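Analysis of the macromolecular model
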Amino acid sequence: VQLQASGGGLVQAGGSLRLSCAASGRTFSSVLMGWFRQAPGKEREFVSLISWSSGITDYADSVKGRFTISRDNAKNTVYLQMNSLKPEDTAVYYCAAGAGPTIAAFKRKNGVNSWGKGTLVTVSS
């Protein structure tokens, strides 16, 4: 699976952005797709995931209630709507996909098979 992320940018605290991740190539119905982020000097961390088949979602505690992940099966695209952005959300955001991993493995990055190029999100205070 090839992943192409877009939608990053500069926004003021309290603002919103929507990230998109278009998948191409060989895809599987058991795929989990999602987003991770990496701030300067920090490890890459899980943000959100969605099951391509069931639509089940999961979020990191730090973004619950502010971020919403969704998918458009017809377009093979996953979206991350980010509202009420905070300066601590500043990071490079990476789209990810895994074929058949458990949710726990995906969140640990063990179950990620494909990474997209990152897109930078900068939230100013």
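Below or above, wherever it landed, is the structure these notes cover. (Residues numbered from 1 in each chain as written. Predicted model: local features only at pLDDT ≥ 70, side-chain atom pairs only at ≥ 80, totals over all residues. Heavy atoms only, no water.)

What follows deals with the packing of aromatic side chains. Counted under the stated rule, the structure contains 4 aromatic pairs. For the pair phenylalanine 36 and phenylalanine 106, a centre-to-centre distance of 5.6 Å together with 50 degrees between the ring planes defines the contact as tilted. Taken together, the residues phenylalanine 36 in strand 4 (residues 31–38) and phenylalanine 106 in helix 1 (residues 103–107) connect sequence positions 70 residues apart. Each member of the pair, phenylalanine 36 together with phenylalanine 106, is buried. Ring centres 5.1 Å apart and planes at 65 degrees place the aromatic pair phenylalanine 36 and tryptophan 115 in the edge-to-face group. With a gap of 79 residues between them, phenylalanine 36 in strand 4 and tryptophan 115 in strand 10 (residues 114–115) connect regions that are remote in the sequence. Taking relative accessible area as the criterion, phenylalanine 36 reaches 0% and is therefore assigned buried. With a relative accessible area of 34%, tryptophan 115 lands in the partly exposed category. Clustering of aromatic rings is evident, with ring pairs tying together Phe36, Phe46, Tyr94, Phe106 and Trp115. Here the guanidinium or amino end of arginine 44 rests over the ring plane of tyrosine 94, the centre of that ring lying 3.6 Å away. (Phe/Tyr/Trp six-rings, centres within 6.5 Å; stacked < 30°, edge-to-face > 60°. Helix = DSSP H or I, 4+ residues; strand = E, 2+ residues; numbered from the N terminus. Buried < 20%, exposed > 50% of the residue type's maximum accessible area, 1.4 Å probe, protein only. Lys NZ or Arg CZ within 6 Å of the ring centre and 35° of its normal.)

In this section: the state of the cysteines. As used here, a disulfide is simply a covalent bond connecting the sulfur atoms of two cysteines. In total, this model carries 1 disulfide according to the counting rule given. Each disulfide pairs two cysteine sulfurs, and for cysteine 21 the partner residue is cysteine 95, the sulfurs being separated by 1.9 Å. Its torsion about the S-S bond being -85 degrees, the disulfide of cysteine 21 and cysteine 95 is classed as left-handed. Note that cysteine 21 is positioned in strand 3 (residues 17–24) and cysteine 95 in strand 9 (residues 91–99), a separation of 74 residues in sequence. The two residues cysteine 21 and cysteine 95 agree in class, both being buried. (Disulfide = S-S within 2.5 Å.)

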